[in-house]
Each structure stands twice: as C-alpha cells, then as structure tokens.
Amino acid sequence: MSTLVRERGPTIVVAICGFIVLLNYYVENAAVSAVSSKLVSWGSLLMSFAIGIGCISLILYAAKGLLKREDMLVNAIRVIFTTGTVLIGITMSVTSPLYSFISRYVLTPTLATTGSLLLFFIVTAILRTFKVKSIDTLIIVVTFSLVVLGNTPMGPAIWAPFNSIGPWLIIGPQVAVQRGFLIGASIGAMVLGLRILLGIEKGWLGE
Amino acid sequence: MIQNVVTLGFTLMTLIIVQIFLGYASKGRLFELRNIPALEAFPEAIGRCAEMAKPCMFSIKGKLTSSDASSTVASLSLLSYVTSLCAKSDVKLVVPMDDPATSLLAEDVVYNAYLLEGKPEMFDRANVPYWGSSRAHDGALIEFIGKHKPGAVFHFGQYSSEAIAIPEATKRIGSIIIGGTARVAHSYELIIFDHALWGEELLAAGAYLTNDPQQLATITAEDVIKYIALGILGLSIVLYALGVTDILNWLKL
C-alpha cells in the first residue's frame, strides 16, 4: 500500500484534480464548478505557503552566509529587507503608508534600475551575436537593420521607404512566424498536459 | 449544458488520437524522433564542468500556476536528466529557482535523481536555493555566475526581457549556456544561447531523453494533430476566400 501511495499517489491526485478543472471549462454545472473553484483556491493556498517557505529559505540562506562571513553586504541587505518587509506587511498591513513607501520608493526604482541595465546587455549581445557567417545570419542582420531603421527617425531621414519596411516586417512575416510557433507550442503544451494527466510524463516527479 | 463546443471537440479529437498512438505503442511499435542537437550537447557541457572542476548551474524561470506551466514541468524533466549526468561525473550542481513552489519540487527531483544514481550523499539542500523571483532571481544568477564561474549554465522556462542578461554574463566568463523556452514573445532571445530548445522541442525533451515508447507515441500523435490543425487552417482560408465567412465564427475557439 505504501509503495502504491508513494509511486502512484501524486499522479492519481494530479489526474483527479486536473480532470475536474478541465471538465469545469467545458461543462456548465454548479457542482463541478464549486469543486473546481475549491481546488483552484486550494492551489492558491499551497502557493502562498510555498512563498512563505521561500522567504524563510532566503532568509536562512543569507543568514548562513553572514555567519560564514561570505558576501556580507549582499546577505545583510537580503536579511534586513526581506525580514523587514515581511514584518511590516504582517504587523501594519500591506496598505499601510510604510509598506507603500517601500514598494514605491525602494522596490520600484530598484526594478527600474535592473531593467535599465538590460540596455548594455542587449548591446553586447548584438555585437557578439550579429556576425555574418552564413546566409541565416545575413538574413537576421539585414532584417534587424531594417527594423531598427524603420523605428528610428534616422531611417526615414536617410530613405523614406524605411518608414514602412520595418513596421511591415514586424506586422507581416514576424507575426506569421510567431503564430506558427504558437500553434506548435500550444499543441505541444496540450499533449504534455495530457501526458501528465494520464501519468505518462514522470520527469517532474524525479523519475 | 456544454460550452466551448468547438474547443471540446478539438480536445476530444486530441485525446482520441493520443489514445490510438498509445495503443500502437503498447503493441510494441517504437516511434522515432528527429535528432534534437541541443539535447546532444548536455553530456558535453557536463563533461566540460568535470574537466574544469567547475560547478554546473541549472535554473528554471517560471511558475507552476501560470499559463506557461508546461515549460516549467518540461524543464523539471530536463533537471532530472542533468542531475543524473552530474551525479555520474561528480560535478556539483546548483539549482536556483525563480519560484518558491518550483524550488520545493526541484529539491525532490534533484534528490530522487541522485538517489537513482546511487549518490544520495551528493544532495545538499543549500544547492537548491531560492534567491527571489523575477529581477531579484536574475541578479542573483548574474552574481553567482560572476563569482563561481560555472563550467556550464542551463537556463530554461518562461523568459522575459531580462533573460538576455544571463547568457551575456555567461559569455563574459567564457562558459557555455544552453537554454529553451516555449514562450512565443521571448523566443528571439534563444539566438544568443550556445544551444537552444525552441518551443515544442523543450516540451518533447522528456520523451526524447527517456526514449519511453508511450511518450514517443504521444509526440507522434502531436504531429498528426498539428497536420489536422494546419488542414483546418488551410480549408478555412479557402472557404473564406470563396466568401464563406461564417466559418470564422464557427471556428472561434
């Protein structure tokens, strides 16, 4: 029994929950809808607990680093800000002025800063990747150049048709390829979902 | 009362076709997949780590609750494979995750993989850390790559724009990076990886690596379903060109 529970238990639970939620999408039934929404809310509850465990894990990881005197500054910031934000959220609520202050004047500028660093990474990526070594890379470089020229004032200033070629490449071939990619990925995701529900895919269990 | 009839019909058709091919597989028929070059590079990457005595880093970016959860689950299958390769080569594997729930699941996957290889002592919970989500996760990855200089970096899942930073940080230390995503909007970032799994290659990776007849049968069924979808698409285009516009409303999934 224990072997059955250990080996088959997770796949049975996943299959039952998955088919109920899937059934709710197609069948308009009060009982199915109630069970499905309850399962989804339980899933949200599990995720919330997982986030709590993640916070604790992060604080313990940083605290261990501090005790070993590794990356003192980074780990100190992790401990102080994670613990502080969690305590403020719990004791003063997430709508309190202090919590809003942290969100607006600490978190948002930090996210914006890390986002702005992307510009330099994109430039180095372009310099490293866009070297013409074959027909494929030639097509990529030419297309990239046309799109950039079409999206900057410089392009139409050099030659007026650049204003329409770049945008056409984005709304024409690019969208067509994206949709083909989307069809393949969507059907692949559907079949992967079926494999998981039928218990055929077991990689996520570590088997 | 049944709703979303067309979607239900397509789903039932998918289920029937998958069951037909599973029937073929149960009778002993073995389907073949084309070669996926990126997956062939996995042992080379781990071998590189073993030769250089450097750790290997495997990261999944994504959640289990979003619409791209399929990428996350497929990436966990790859994590199991990479862990077994690392166990065979005695390479230290660090597995930082973007989502705490995925991190908990990854701990289990990594431990089971080490156990199956007969090396449970190689498992260390500190090597499956959670360093925060989104930009915090990317920043922590860049810091780890710069400080510990892993021999190989694996980065899979649901990329967003900041995913460009990871391959760049990897190339600055002269290492190699293998990635993959099924997210359409950010699939262009894969061109800067050394090896990449595009779209359904990531989703089919589990079947490719295990060579399980049932999984291979579902991949073949997926191709048949794709041809049917393309046939419906072509027929719709022809009918629409002939003036039958109601077909679009009928096919609205």
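Being a predicted model, the structure only gives us computed values, none of them experimental.

Draft legend 1. Inspection of the side chain of Asp99(B) at higher detail. Residues and elements named next belong to chain B. Structurally, Asp 99 is set in the loop between β2 (93–94) and α4 (100–116). Although Asp 99 is buried, it makes no salt bridge; Lys 63 carries the closest opposite charge, 4.3 Å away. The residues contacting Asp 99, other than those within four sequence positions of it, are Gly 62, Lys 63, Leu 64 and Tyr 130.

Draft legend 2. Region of interest: the pattern of salt bridges. All names here are of chain B. Counted by the stated rule, this structure contains 12 salt bridges over all chains. With its nearest N and O atoms 2.7 Å apart, the salt bridge here joins Arg 125 to Glu 107. Here the residue Arg 125 occupies a position in the loop between α4 and α5 (134–148), and Glu 107 occupies one in helix α4, the gap between them amounting to 18 residues. Looking at Glu 107, the relative accessible area reads 15%, which means it is buried. Across the pair Glu 200 and Lys 226 runs a salt bridge, and its minimum N-O distance is 2.4 Å. Residue Glu 200 is found in helix α7 (residues 200–210), and its partner Lys 226 is found in helix α8 (residues 213–241); the two are separated by 26 residues along the sequence. Note on Lys 226: relative accessible area 16%, which makes it buried.

Draft legend 3. Quick look at the packing of aromatic side chains. Using the criterion set out here, one finds 14 aromatic pairs over all chains in the structure. Ring geometry for Phe101(A) versus Tyr105(A): centroids 5.1 Å apart, planes at 45°, classification tilted. Of this pair, Phe101(A) and Tyr105(A) both sit in helix α4 (residues 97–129), separated by four residues, roughly a single helical turn. Judged by its relative accessible area of 43%, Phe101(A) falls in the partly exposed class. What makes Tyr105(A) exposed here is its relative accessible area of 52%. Summarising the aromatic geometry, the rings of Tyr159(B) and Phe193(B) are spaced 5.7 Å apart at their centres and angled 5° between planes, so their arrangement reads as stacked. Residue Tyr159(B) is found in the loop between β3 (152–157) and α6 (165–172), and its partner Phe193(B) is found in the loop between β4 (176–181) and β5 (195–198); the two are separated by 34 residues along the sequence. Each member of the pair, Tyr159(B) as well as Phe193(B), carries the same accessibility label: buried. What links up through ring pairs into an aromatic cluster is the set Phe42(B), Phe58(B), Tyr81(B), Phe154(B) and Phe156(B). Positioned above the aromatic ring of Tyr24(B) is the side chain of Arg29(B), whose terminal nitrogen or guanidinium carbon lies 5.7 Å from the ring centre.

Conventions adopted
Residues numbered from 1 in each chain as written. Chains lettered and ligands numbered in written order. Predicted model: local features only at pLDDT ≥ 70, side-chain atom pairs only at ≥ 80, totals over all residues. Heavy atoms only, no water. Helix = DSSP H or I, 4+ residues; strand = E, 2+ residues; numbered from the N terminus. Buried < 20%, exposed > 50% of the residue type's maximum accessible area, 1.4 Å probe, protein only. Lys, Arg positive; Asp, Glu negative; His and termini not counted. Salt bridge = Lys/Arg side-chain N within 4 Å of Asp/Glu carboxyl O. Contact = heavy atoms within 4.5 Å. Phe/Tyr/Trp six-rings, centres within 6.5 Å; stacked < 30°, edge-to-face > 60°. Lys NZ or Arg CZ within 6 Å of the ring centre and 35° of its normal.

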